[in-house]
Amino acid sequence: MQLPSLPLDRVLPALAGGRARRALLWTALALGTLLVITYHAGITAVGEPPSTATLVLVNFGVAACVGLLAFLVSGLFTRRVFNPVRALWTPLVVGGLGAALEVTLVTMGGPAEVDLQTGVPEGFGDVTQVVGVALVETIVALALLFSLRTLVLFKRTSGSVRNWRIMLGTMTAAALVLLGHGATDAVNDNVLHIVLVGAAIVAMVMNAFRLAWIVYLPFRQKMLTLGLGVGLIVLLAYMLQMRYIEAGVSLRDMPAVGPEMELTLAAVFSQPLSQFVMMAFGFGVLYATTAVLSLLFHLPTAAALQQKTGEMEALQALARLSGEVFDRDKLVDTIAGAPVEAGVAQAAWLALIDEGSGSLAPHVTSAFGLTPMQIKALVDYEMLARDALSAKTPLLLRQAPADHRVRARPGDGIGSLLVLPLHAHGEPLGALFATRAVTEGFENDDVDALVAFAGQAALALNNADLFAERLERERLQRELAIAREVQQRLLPQSLPDAPGVALSALSIPAAEVCGDYYDFVEIGDGCFGVIVGDVSGKGTSAAFYMAELKGIFQSASKLTRSPAEFLSRANEALAGSLGKNAFITAVYGIMDTVAGTFTLARAGHCPVAHAHADGTVDLLRVGGLGLGLDRGPLFRRALKEQQIALRPGDAFVLYSDGLVETRDRAGTGEEYGYERLAAAVAKHRTLAPDAFRDALLHDLQRFAGHDVWDDDLTLVIVKWEGLPKLAATNGEAQAAEVARSA
């Protein structure tokens, strides 16, 4: 029969894992401790001391058990947050419980009886005391070493870690060289032990002065740790004395015996363990003593240290807020309250210049310790702020009531006053005020700390303002983008399809929104209108006027077939809405595809370029004033119309002034002008409308040397190609009918 194989690939990792391994180690420790107890019970029953070899083996087992116990409980003393109070409180509590247990054992079992010649307990009750006292002292010693390690290795360095390891190593070595020693064997005859103990003491002294943690304690914690240190000294001294009192019971009949005074119950259990415990207790007393003395020396400076700590915390808080400038009100309150919270001042306020108010006088935006009304009544803070800002240096009034700018009298809470100007990139922001109730209340280090604080505060305020401006700019850009999108939708999304006519149009805004406008309208009977307008100025107001012109054009253009009449009505409609210095230029033409005519009226707009089939180009300068320039009869009288009889091949170019006024940036700065436009029109007139438009734009870009326009640019191409051949074959009546039906 084949035996089932063990899944070693799963069992071994489980044993090596956390819980299984710890359970295994705890079991081993319990078995080892049980073996040692059994050993002591055995020699008690026999009444004979063990051989040296047995003693070495037993002491080695005890050392192994102590090492295993230290390994298992080390995790209990690992702290992520350094806490000196807990580091002293833990061994004090563990030691207090241990001392109470030792007293209980002695009280309940009576004095332990140990044979001074053999070191063997007299009875099993004595064995219980020996084991109990040894176990208690071992636990207290481990708790003491683990707790003090966190204090010694505070802000650890390689040197401090090395010294700690040297101390533990020499203590352990000094104990292990006594593996062959029993309870009654003199240890002072072992030279190596004496040397190692001396080395351990040197290491203890070096570690005892690792007290840097005391400097960072506030006054209250210093007092608390001072009490814990004194308590630990008393406890350890008591436990050291108890070791001999417990064992001394058996010495009552032999008071003259000298070396036996070193006999302790822990030594009866294991001499090396007893020596290790004694050294651990000795280090505890030494470290607690140096800590108490150091705490006493540092108590007078605790208040000053706490103040400096508060200042540092306030500065760190402000530094953090410098990167969190989303809430300016919170930042202002933090700056005003920081001197008070840091303990540097008893009242403080922040007076800032609000450029939006139109005044350079600062006003109180946040105050701590005094109300704005009290500040205004007690101090001329505006004058103080101006003086400090103009001097660009802190203004310190050590005896504030004596200054003419301070109206406070002695007892009003303003004995000394410090004014800190706030500048950012050379621009004044305001001033931070800090006061103390007593005269001469600010020391030089206070002033230095607040000056550094004010510098950070000014930077944080400036960052907050820049951030707010950026948010506002982004908001405006978003709104302008929406306005531009809406405005683009106001322009024709498609061109009318008129027989014999080819069209093309383009509008390029110089900014997010523009004041140029072009549009087409179907009038009927083969007629359609085309308009190009240009609102004076650019930006949002121009865009609004452009939208208004769009409404007028779409509603009023179908009421008349006279371009001049339409423009007159438009002028009347716009008279009530155009601003004082605003006006609109426009050119409006109606193409009658049946009659073959193109009738124009121009309201102060650029002349229309008319390209004839033979290559000549005319600039149609029809008379007229801009819309809104005159709101009386002058506009109507000045307005003229011009009608052109169309011939196939005729082309009309309607545009805004952004085309002809574009300048040559790379050259002389000369404008593109009408002559260049006429030449370009004559050159490209035979192209299809879109190609014609692109060729004109390309010619303009080539002249300007760039494609970024300073002004809005609009370009509309109207080409008359003539009616279809149907007109020639079937007569003009049929052609007209075709045009009307279209």
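Residues numbered from 1 in each chain as written. Predicted model: local features only at pLDDT ≥ 70, side-chain atom pairs only at ≥ 80, totals over all residues. Heavy atoms only, no water.

## Here's the deal with the nonpolar core
Moving on, step 1. Grouped together as the largest cluster of nonpolar side chains are 69 residues, with contacts concentrated most on Met171, Trp213, Phe269, Phe281, Phe283 and Tyr287.
Moving on, step 2. With 13 residues, helix H5 (residues 124-152) is the largest single contributor of residues to this core.
Moving on, step 3. The contact partners of Phe281, leaving out residues within four places of it in the chain, are Glu137, Val140, Ala141, Leu144, Leu236, Met239 and Leu240.
Moving on, step 4. Grouped together as the second largest cluster of nonpolar side chains are 52 residues, Ala556, Ala601, Leu627 and Phe635 included. (Core = buried A, V, L, I, M, F, W, Y, C linked by side-chain atoms within 4.5 Å. Buried < 20%, exposed > 50% of the residue type's maximum accessible area, 1.4 Å probe, protein only. Helix = DSSP H or I, 4+ residues; strand = E, 2+ residues; numbered from the N terminus. Contact = heavy atoms within 4.5 Å.)

## Some remarks on the sheet that holds strand S1 (residues 347-353)
Moving on, step 1. Read across the open sheet, the five strands follow the order S2-S1-S5-S4-S3; overall the sheet is antiparallel. Across the chains shown, the open sheet's two edge strands, defined by having one partner strand only, are strand S2 (362-368) and strand S3 (395-397). Averaged over all pairs of adjacent strands, the angle between strand axes in this sheet comes to 20 degrees, irrespective of strand direction.
Moving on, step 2. The pairing of S1 with S2 spans six bridges and is antiparallel. Each bridged residue has a counterpart across the sheet, and for Ala351 the counterpart in S2 is Val364.
Moving on, step 3. Strand contacts of helix H14 (residues 381-391): S1, S2, S3, strand S4 (416-424) and strand S5 (427-436), with the helix running at about 55 degrees to S4, the strand carrying the most contacts. (Pairing = 2+ DSSP bridges. Axes fitted to C-alpha atoms, helices over the stretch in contact; angles between N-to-C directions.)

## Quick look at the environment of Ala679
Moving on, step 1. Here Ala679 lies in helix H20 (residues 673-684).
Moving on, step 2. Note on Ala679: relative accessible area 47%, which makes it partly exposed.
Moving on, step 3. Measuring from C-alpha to C-alpha, the distance between Ala679 and Val617 comes to 8.0 Å, with 62 residues separating the pair along the chain.

## Digging into the packing of aromatic side chains
Moving on, step 1. Tallying each qualifying case throughout the model produces 10 aromatic pairs.
Moving on, step 2. Note on Phe553 and Phe566: the rings are 5.6 Å apart at their centroids and 80 degrees apart in plane angle, and the pair reads as edge-to-face. Here Phe553, found in helix H16 (residues 540-556), pairs with Phe566, found in helix H17 (residues 563-574); they are 13 residues apart in sequence, far enough to count as distant. When sorted by exposure, Phe553 lands in the same class as Phe566, which is buried.
Moving on, step 3. Through successive ring pairs, a cluster of aromatic residues spans Tyr517, Phe553, Phe566 and Tyr588.
Moving on, step 4. Positioned over the ring face of Tyr674 is Arg621, at 5.2 Å from the centre of the ring. (Phe/Tyr/Trp six-rings, centres within 6.5 Å; stacked < 30°, edge-to-face > 60°. Lys NZ or Arg CZ within 6 Å of the ring centre and 35° of its normal.)

## Considerations on the sheet that holds strand S8 (residues 527-535)
Moving on, step 1. With antiparallel pairing, the five strands of this open sheet are ordered in space as S7-S8-S9-S10-S13. Each edge of the open sheet is held by one strand with a lone partner, namely strand S7 (516-524) and strand S13 (641-645). Within the sheet, the average angular offset between the axes of one strand and its neighbour, ignoring direction, is 15 degrees.
Moving on, step 2. Bridge count between S8 and strand S9 (residues 584-592): nine bridges; the pairing is antiparallel. Considered in S9, the bridge of Asp534 is made with Thr585.
Moving on, step 3. Sheet contacts for H16: S7, S8 and S9; angle to S7, the most-contacted strand, approximately 5 degrees.
Moving on, step 4. Together, S8, S9, strand S10 (597-603) and S13 form the strand contacts of H17, whose direction differs from that of S10 by roughly 30 degrees.

## Re the pattern of salt bridges
Moving on, step 1. Scanning all chains against the criterion turns up 18 salt bridges.
Moving on, step 2. The partner of Arg405 in a salt bridge is Asp403, with the nearest N and O atoms 2.9 Å apart.
Moving on, step 3. A salt bridge links Asp525 to Arg561, with the shortest nitrogen-to-oxygen separation between them at 2.8 Å. Placement of the pair is Asp525 in the loop between S7 and S8 and Arg561 in the loop between H16 and H17, with a sequence separation of 36 residues.
Moving on, step 4. On the basis of relative accessibility, which here comes to 44%, the residue Asp525 falls in the partly exposed class.
Moving on, step 5. Taken together, the shared-partner salt bridges in this structure form one network comprising Glu565, Arg569, Glu572 and Arg636. (Salt bridge = Lys/Arg side-chain N within 4 Å of Asp/Glu carboxyl O.)

## Considering the pairing of S5
Moving on, step 1. With eight of 10 residues buried, S5 lies mostly within the body of the structure.
Moving on, step 2. As defined by bridge partners, S4 adjoins S5 across nine bridges and the pair is classed as antiparallel. Directly across from Ser416, in S5, lies its bridge partner Arg436.
Moving on, step 3. The turn joining S4 and S5, which pair antiparallel and follow one another in sequence, is formed by two residues; a positive phi near 55 degrees is taken by His425.

## Examining unusual backbone geometry
Moving on, step 1. One non-glycine residue, His425, adopts positive backbone phi at about 55 degrees.
Moving on, step 2. Tracing the sequence through the fold places His425 in the loop between S4 and S5.
Moving on, step 3. Its identity is not glycine, yet Glu440 carries a phi of approximately 55 degrees, on the positive side.
Moving on, step 4. The residue Glu440 is located in the loop between S5 and helix H15 (444-490) in this model.

## Re the environment of Val268
Moving on, step 1. Relative to the assigned elements, Val268 resides in helix H9 (residues 265-269).
Moving on, step 2. What makes Val268 buried here is its relative accessible area of 7%.
Moving on, step 3. Note: C-alpha distance between Val268 and Gly119 (149 residues apart in sequence) is 6.0 Å.

## Some points on the confidence of the model for the protein
Moving on, step 1. Confidence in the prediction of the protein, expressed as mean pLDDT, is 83, and 87% of residues score 70 or more.
Moving on, step 2. At the level of individual helices and strands, the protein shows its lowest average pLDDT in helix H22 (residues 726-730), which scores 44, and its highest in strand S14 (residues 650-655), which scores 95.
Moving on, step 3. Predicted confidence is poor over residues 1-6, with pLDDT under 50, and the contacts of this stretch with residues over four places away or in other chains come to zero contacts.
Moving on, step 4. Across residues 249-261, confidence stays below pLDDT 50; counting only partners more than four residues off in sequence or on other chains, it has 14 contacts. (pLDDT = per-residue confidence, 0-100.)

## So, the packing of helix H12 (residues 328-341) against H15
Moving on, step 1. Contact geometry of H12 with H15 gives a least axis separation of 10 Å together with a crossing angle of 175 degrees. Classified by the interaxial angle, the pair formed by H12 and H15 is roughly antiparallel. Between H12, through Arg328, Leu331, Val332, Ile335, Ala338 and Pro339, and H15, the contact on the second element is made entirely by Leu450, Phe453, Ala457, Ala460, Leu461, Ala464 and Asp465. (Parallel < 35°, antiparallel > 145°, perpendicular 65-115°, else oblique.)

## Re a negative patch on the surface
Moving on, step 1. On the surface, a cluster of negative charge is contributed by Asp354, Glu355, Glu427 and Glu469.
Moving on, step 2. By the element assignment, Glu427 lies in strand S5. (Patch = residues over 30% accessible without salt bridge, like charges linked within 9 Å, V, L, I, M, F, W, Y side chains within 5 Å. Areas by Shrake-Rupley, 256 points an atom, 1.4 Å probe, with all protein chains shown as cover. Lys, Arg positive; Asp, Glu negative; His and termini not counted. Charge placed at Lys NZ, Arg CZ, Asp CG, Glu CD.)

## What to know about the side chain of Lys719
Moving on, step 1. Counting through the fold element by element, Lys719 comes out in strand S15 (residues 713-720).
Moving on, step 2. As a buried residue without a salt bridge, Lys719 has its nearest oppositely charged side chain in Glu721, at a separation of 5.7 Å.
Moving on, step 3. Separated by 2.7 Å, the side chain of Lys719 and the backbone oxygen of Arg685 make a polar contact.
Moving on, step 4. Excluding residues within four positions of it along the chain, Lys719 makes contact with Gly500, Val501, Ala502, Asp650, Ala651, Arg685, Thr686, Leu687, Pro689 and Phe692. (Polar contact = N/O pair within 3.5 Å; in protein donor to acceptor, adjacent residues only side chain to side chain.)

## Some thoughts on H20
Moving on, step 1. When the terminal C-alpha atoms of H20 are compared, their 17 Å separation across 12 residues agrees well with the 16 Å that a helix rising 1.5 Å per residue should span.
Moving on, step 2. Considered for burial, the residues of H20 that qualify are Gly673, Leu677, Ala678, Ala680, Val681 and His684. (Expected span 1.5 Å × (residues − 1).)

## Describing the pairing of strand S6 (residues 501-508)
Every other side chain in a regular strand lies on the same face of the sheet, so the side chains alternate between the two faces.
Moving on, step 1. Among the eight residues in S6, six count as buried, and that is most of the element.
Moving on, step 2. Relative to S15, S6 is paired through eight bridges, and the arrangement is antiparallel. Note that in S15 the partner of Ile508 across the bridge is Leu713.

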